[in-house]
Each structure stands twice: as C-alpha cells, then as structure tokens.
Amino acid sequence: MTAAPVDSVRTLALNEVGPAEKGTRPEEVVIALSPAFGDPFTKTIVDVPHAEVIRQLLAGIEERGGVARVIKVYKTADLAAIAHHGAKLSGSGIAVGVLSRGTTVLHQRDLARLSNLELFPQAPLLDAEVFRMIGANAAQYAQGQSPKPVPTRNDQMARPRWQAKAALLHLKEFECIDHSREAVEVEPVITKVD
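Because the structure is predicted, anything quoted here is derived from the model rather than measured.

### Digging into the environment of proline 19
Part 1: Inspection of the secondary structure puts proline 19 in strand 1 (residues 9-19).
Part 2: For the pair proline 19 and valine 150, spaced 131 residues apart in the sequence, the C-alpha separation amounts to 31 Å.

Spelled out as structure tokens, the structure:
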C-alpha cells in the first residue's frame, strides 16, 4: 500500500450535500474537516494539496473495505472537537479529523473528546503516504480490528522550524469559525489539472 506520486496538480472542491447527519453503515468512516480546509486554504503547512490529503484518506479507507463520508465542521477549529463530532456522526463511530494545516487525529465515538485512537500532531511530517495509512487504519478500526499504529517520523526541530507559520495558520483557521453554522456533509470533487 504505497501512495502514488503526485505527477500533476489536483484541485479540490467541497460541494455541500446537506446537513451532516448520523450515519448507519457499520463500515463508515467520517472524515471531519476544519472550517478553513479546502477554502480558503488549499494546502497543508508543508504544501501537500488538500486534494491529495482527501484523495489519500479516501483511498486508504476504500482499500481496507471501509466507506467514507466527508463533513465540514464550522463551529470550532479545535481538532479534538472536530474529530469527536465526526465520530458521533459516523455509522461505525470512527472518524478522521483534519485541520487545514494537516494536523490529523483518529477518533472513536465512545472516547472522551480529548482522548483518541491515534494522533498525528506534527503536520510538517505528514505526507501523502502517511495520509493513506491513516485512512487504512481508520477503516480497520471501523471494522473492529486493532491495526498497528501508523508509523510516523519524529523531528525535534519541526516545532521550532514551523511554529511561527503554524501560529499564523491557526489564527486564520479561527477566523473561519462560524458559530451559527451547523456541520454539513460535503462531496469532495478532485479535478486533475495537467
């Protein structure tokens, strides 16, 4: 299971389908996106296109027999809250929460909000291959399996090197919060641009 190299540019549109409602499919994994994911931001902190993030998460989920549904959460930019909300709406109780800068978490409905199955806090170290593995693990959790945690790199210098940019992205993400808007289900449309 290896992510295909990105050989052309892909764009992402998140077309609103309707209100995000509770799913019923036991193999369903909800991908819960933050307010700024896809619009206004289109890339993670290290320039992985959001289209590629979604493409890899979807591929990983599908490869392991899961079914994905994507929602966008507007009332908060807190990753734990976004992922926990997604898990509550997921038919399996499993969700992948993703911030626009790339920070990601795997969550389960019956866990406390600040608990999680797997946390990927160093967004600068997340690439297409890691996002695909995250999707694969999410599908396995949805099926009641206990997959090995996704191996991640650790770079002690990532935080100081990226801290200023992360802080600015965090502030911009919070500007996109809309407390009056409920979460919506979205259909990701990925277009390849040569």
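Now, onward.
### Details of the nonpolar core
Part 1: Core analysis: the largest hydrophobic core is formed by 30 residues, its most contacted members being Leu57, Val96 and Ile134.
Part 2: Looking at this core, the elements with two or more residues in it are strand 2 (28-33), helix 1 (50-63), strand 4 (94-98), helix 3 (128-142) and strand 7 (184-193).
Part 3: With eight residues, helix 3 is the largest single contributor of residues to this core.
Part 4: Sequence-distant contacts of leucine 57, that is, excluding residues within four places in its chain, are made with Ile31, Val96, Val98, Phe131, Ile134 and Gly135.
Part 5: In this structure, Ala20, Ile82, Ala87 and Leu89 belong to the second largest nonpolar core, which totals 14 residues.

### Observations regarding the environment of proline 49
Part 1: As for its placement among the helices and strands, proline 49 is situated in the loop between strand 2 and helix 1.
Part 2: With relative accessibility at 26%, the residue proline 49 sits in the partly exposed group.
Part 3: The residues touching proline 49, leaving out its near neighbours within four places in the chain, are Thr42 and Lys43.

### Let's talk about the pairing of strand 7
Strand residues, when the strand is regular, have side chains that alternate between the two faces of the sheet.
Part 1: As judged from the 10 bridges shared by strand 1 and strand 7, these two strands associate in the antiparallel manner. Its bridge partner lying in strand 7, leucine 12 is registered against isoleucine 190.
Part 2: By the bridge criterion, three bridges tie strand 3 (residues 67-72) to strand 7 in an arrangement that is antiparallel. Looking across to strand 7, one finds that lysine 72 is bridged to valine 184.

### A look at helix 2 (residues 79-89)
Part 1: Across the 11 residues that make up helix 2, a large majority, nine, are buried.
Part 2: Taken together, the buried positions of helix 2 are occupied by Leu79, Ala80, Ala81, Ile82, Ala83, His84, Gly86, Ala87 and Leu89.
Part 3: Considering only its buried residues, helix 2 is in contact with strand 2, strand 3, strand 4 and strand 5 (104-108).
Part 4: Among the residues of helix 2, the N-terminal cap falls to aspartate 78, whose side-chain oxygen and the backbone nitrogen of alanine 80 are separated by 3.0 Å.

Reading the values: the criteria
Every chain begins its residue count from 1, and numbering advances along the sequence as written. The predicted nature of this model means local features are confined to residues of pLDDT at least 70 and side-chain atom pairs, given and counted, to a pLDDT of 80 or more, with totals for whole chains, interfaces and linings taken over all residues. Side-chain calculation: all heavy atoms of the structure are included, whereas hydrogens and water are not. Secondary structure is summarised from DSSP: a helix means a run of H or I of at least four residues, a strand means a run of E of at least two, and numbering begins at the N terminus for each. The set of buried Ala, Val, Leu, Ile, Met, Phe, Trp, Tyr and Cys residues whose side-chain atoms join them within 4.5 Å is what this entry labels a nonpolar core. Burial status follows relative accessibility: with a 1.4 Å probe on protein chains alone, a residue under 20% of its type maximum counts as buried, one over 50% as exposed, and anything between as partly exposed. A contact between two residues is defined here by any heavy atoms of the two lying within 4.5 Å. Strand pairing is defined by DSSP finding a minimum of two bridges between the two strands. The definition of a polar contact used here is a pair of N or O atoms within 3.5 Å, where within protein one atom must be able to donate a hydrogen and the other to accept one, and adjacent residues in sequence count solely through side-chain atom pairs.

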